[in-house]
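Spelled out, the chains give:
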Amino acid sequence: MIASVFACLRKLSCKPSRAALGLGMLACFTAPGAMAADCPGHPDAIGTSRTLVVDPREHPIIGSMQYAKTLPLADHEVVLTFDDGPLPKYSNQILAILAAHCAKATFFLVGGQAKANPEGVRKVRDAGHTVATHTQNHPTNMQRMPIERARQEMDDGIASVTAALGDGTAPAPFFRIPGLSRADAMEEYAASKGIQVWSADFPADDWRHVSPQRVYDLAIQRIEAKGKGILLLHDIQPRTVIALPRILQTLKARGYRIVHVVPATPERPATPTEPQQWQLHPASETVAISRWPKIPNFVFADTAALPAPALSNLDWRATASAKRGIRGVPLPPQLLWPQMAQPQESAVVALAVPAASVFAIPESTRVTMLGASPARRGSQTAEASRETEVAAKPVPVRAGK
Ligand SMILES: [Zn+2]
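Residues numbered from 1 in each chain as written. Predicted model: local features only at pLDDT ≥ 70, side-chain atom pairs only at ≥ 80, totals over all residues. Heavy atoms only, no water.

**Q** Please give an account of the coordination of the zinc ion that cites residues and values.
**A** Each protein donor to the zinc ion is listed here as D84 (OD), H134 (NE2) and H138 (NE2); together their distances run 2.0 to 2.1 Å. Along the chain, the residues donating to the zinc ion fall in the pattern D-x49-H-x3-H. Each member of the pair, H134 as well as H138, is classed as buried. (Donors = N, O, S within 2.8 Å, 3.2 Å for Na, K, Ca; no water. Buried < 20%, exposed > 50% of the residue type's maximum accessible area, 1.4 Å probe, protein only.)

Following this line, the structure appears as structure tokens:
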């Protein structure tokens, strides 16, 4: 690790000034896999900056479109997800584009599609992506479905994908509900089986009848608005095939990094994180400061040649802003999460806006119990300030076919 730190420093053509050193170290440690982003034969590829290992049992529901928690990503980190495949005609093109970028993604496969195209499932796995599931038949009304049927949809989807993998391995315990049509009982069932329910942080509306340009515009606009997060796409849509290369090129040009998410196993423990990193809107300064002290201790403990920057000399906000400015990205408003300042009901339609009181709720295992089911939606409106684990009322999104 120390060697990689110095290799990283060399790459940054570091000058011995303290400011440059601090900035360089920041780049190294917020993108610990920056060198792994190298993609042989594809110098313009965005690559995959790091792998994030998550424990579904610790964090059973994620995705700020519907929940108060999401993946513990750093600023400018994006997780790519693709739903509804495999459909060879388009899924294979998506795989080829990702391969040309050395970008790893998570695929939420439909059991019926897996049954029809088992080779497509193996291609996703063999390319190193995360294989996850998305029910057997992609019903669009799971919210209203009897729980027994919903469970069957989940179980059958997992069984079909497992059969298609064909090597005795199971898909990752990651599950996305078709149409994001969530319900408490489904989330409770998933949690009981150690399955993590994935919403998303932003869609690009690629299941709608819109142009590839529109998909590109929405993807970039929404990523830029939040600065990081889980992007929801579909590998069965021709417009996504057309839009994806430009999305990846633009993300790279603007300094974004792709993070690959995999489930924890006994041999592969979860990436250490702080609880607040999973919160929808953590206090950025708090997260940064809580991670920063590891750096000087780690790097400079055995060397007298390089002075360790004192914490008191580092202004996180200024450094982070400088980093963005250097990448050519417009500086954000002073408030990193401008939505927080003015929560409005109407804004929920486009992007979920959390109630301010979300932040008053301590981390709790009751997360799955506090969802906004249809039956409770009315009371939630009246008691929004109390029942706040869910960031916003369900967004009327119809992800999927
Ligand atoms: Zn879907």
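Now that the structure has been shown, we can carry on.
**Q** Any chance you could break down helix 9 (residues 238–253) for me, citing the residues and the numbers?
**A** Since there are 3.6 residues in each turn of an α-helix, residues three or four apart along the chain are aligned in direction. With 16 residues, helix 9 ought to run about 22 Å at 1.5 Å a step, and its terminal C-alpha atoms sit 24 Å apart, in line with that. At L244, helix 9 shows its largest bend, some 35 degrees, and a proline, P245, comes one to four positions later. Listed in full, the buried residues belonging to helix 9 are R239, T240, V241, A243, L244, I247, L248, T250 and L251. Against strand 3 (77–83), helix 3 (88–101), helix 8 (212–226), strand 9 (229–234) and strand 10 (257–263) lie the buried residues of helix 9. (Helix = DSSP H or I, 4+ residues; strand = E, 2+ residues; numbered from the N terminus. Expected span 1.5 Å × (residues − 1). Bend = angle between axes of the 7 residues up to and from the residue. Contact = heavy atoms within 4.5 Å.)

**Q** Go over the state of the cysteines, please, and point to the residues and values.
**A** Using the criterion set out here, one finds one disulfide in the structure. The residue that forms a disulfide with C39 is C102, at a sulfur-sulfur distance of 2.0 Å. Handedness of the C39-C102 disulfide follows from its S-S torsion of about 75 degrees: it is right-handed. Within this pair, whereas C39 is found in the loop between helix 2 (18–30) and strand 1 (50–54), its partner C102 is found in the loop between helix 3 and strand 4 (106–109), the two being separated by 63 residues in sequence. Exposure remark for C102: the relative accessible area of 24% places this residue in the partly exposed category. (Disulfide = S-S within 2.5 Å.)

**Q** Got a sec to walk through the packing of aromatic side chains? Specific residues and values, please.
**A** The geometry of two aromatic rings is summed up by the distance between their centres and the angle between their planes. Summed over the entire model, instances satisfying the criterion amount to three aromatic pairs. An angle of 40 degrees between the planes, with centres 5.0 Å apart, marks the rings of F174 and W198 as tilted. Pair noted here: F174 is in strand 6 (residues 174–175) and W198 is in strand 7 (residues 196–198), with a separation of 24 residues, a long-range link. For F174, a relative accessible area of 1% corresponds to the buried category. The class for W198 is buried, based on a relative accessible area of 1%. Among the aromatic residues, those joined into a ring-pair cluster are F108, F174 and W198. A cation over an aromatic ring shows up here: R246 above the ring of Y216, its NZ or CZ 3.8 Å from the ring centre. (Phe/Tyr/Trp six-rings, centres within 6.5 Å; stacked < 30°, edge-to-face > 60°. Lys NZ or Arg CZ within 6 Å of the ring centre and 35° of its normal.)

**Q** Which residues make up the nonpolar core, and what values do they have?
**A** Residues L80, F82, L98, F107, L231 and I247 are the most contacted members of the largest nonpolar core, which totals 37 residues. With six residues, helix 9 is the single largest residue contributor to this core. Counting 19 residues, the second-largest nonpolar core is a separate cluster that includes V54, V79, I230 and V261. (Core = buried A, V, L, I, M, F, W, Y, C linked by side-chain atoms within 4.5 Å.)

**Q** Would you mind going over the confidence of the model for the protein chain in detail, with residue names and values included?
**A** Averaged over every residue, the pLDDT of the protein chain is 74; residues scoring 70 or more account for 61%. In the predicted structure, residues 1–37 sits below a pLDDT of 50 and forms 59 contacts with residues beyond four places in sequence or in another chain. Confidence drops under a pLDDT of 50 for residues 283–351, and excluding neighbours within four residues, the segment shows 96 contacts in the predicted structure. (pLDDT = per-residue confidence, 0-100.)

**Q** Would you mind going over the environment of I61 in detail, with residue names and values included?
**A** Inspection of the secondary structure puts I61 in strand 2 (residues 61–62). Between the C-alpha atoms of I61 and F175, which are 114 residues apart in sequence, the distance is 9.6 Å.

**Q** Any details on unusual backbone geometry? Residues and values, ideally.
**A** Here the bond from G85 into P86 is cis, since omega is 0 degrees, no more than 30 degrees from zero. Tracing the backbone through its elements, the reader meets P86 in the loop between strand 3 and helix 3. One non-glycine residue with positive phi stands out, namely C102, at about 50 degrees.

**Q** Please give an account of the pairing of strand 1 that cites residues and values.
**A** In terms of residue burial, strand 1 counts as a mostly covered element, since four of its five residues are buried. Bridging between strand 1 and strand 10 involves five bridges; their strand directions are parallel. The residue bridging T51 from the neighbouring strand is H260, located in strand 10. (Pairing = 2+ DSSP bridges.)

**Q** A description of the packing of helix 6 (residues 147–165) against helix 7 (residues 184–192) should follow, citing residues and the corresponding values.
**A** Contact geometry of helix 6 with helix 7 gives a least axis separation of 10 Å together with a crossing angle of 45 degrees. Comparing their axes, helix 7 and helix 6 come out oblique. Handedness of the crossing formed by helix 6 with helix 7: right-handed. Each of I147, A150, R151, M154 and D155 in helix 6 lies in contact with helix 7, whose residues at this interface are A185, M186, Y189 and A190. In the contact of helix 6 with helix 7, the residues fall into seven nonpolar, no polar and two charged. (Axes fitted to C-alpha atoms, helices over the stretch in contact; angles between N-to-C directions. Parallel < 35°, antiparallel > 145°, perpendicular 65-115°, else oblique. Left-handed = near helix turned anticlockwise from the far one by under 90°. Nonpolar A, V, L, I, M, F, W, Y, C, P; charged D, E, K, R; others polar.)

**Q** So what's going on with the pairing of strand 3? Which residues, and what values?
**A** With seven of seven residues buried, strand 3 lies mostly within the body of the structure. Because side chains alternate across strand 3, one face comprises the buried residues E77, V79, T81 and D83, and the other comprises V78, L80 and F82, equally buried. Sheet topology places strand 3 next to strand 10; two bridges connect them, and they run parallel. Of the residues in strand 10, the one forming a bridge with E77 is R257. Pairing between strand 3 and strand 9: six bridges, direction parallel. If you follow D83 over to strand 9, its bridge partner there is H234. Examined bridge by bridge, strand 3 and strand 4 share three bridges and lie parallel to one another. Bridge pairing in strand 4 places D83 opposite F108. Following the backbone out of strand 3, through helix 3 and into the adjacent parallel strand 4, one traces a crossover that is right-handed. (Right-handed = clockwise from strand over helix to strand, strands pointing away.)

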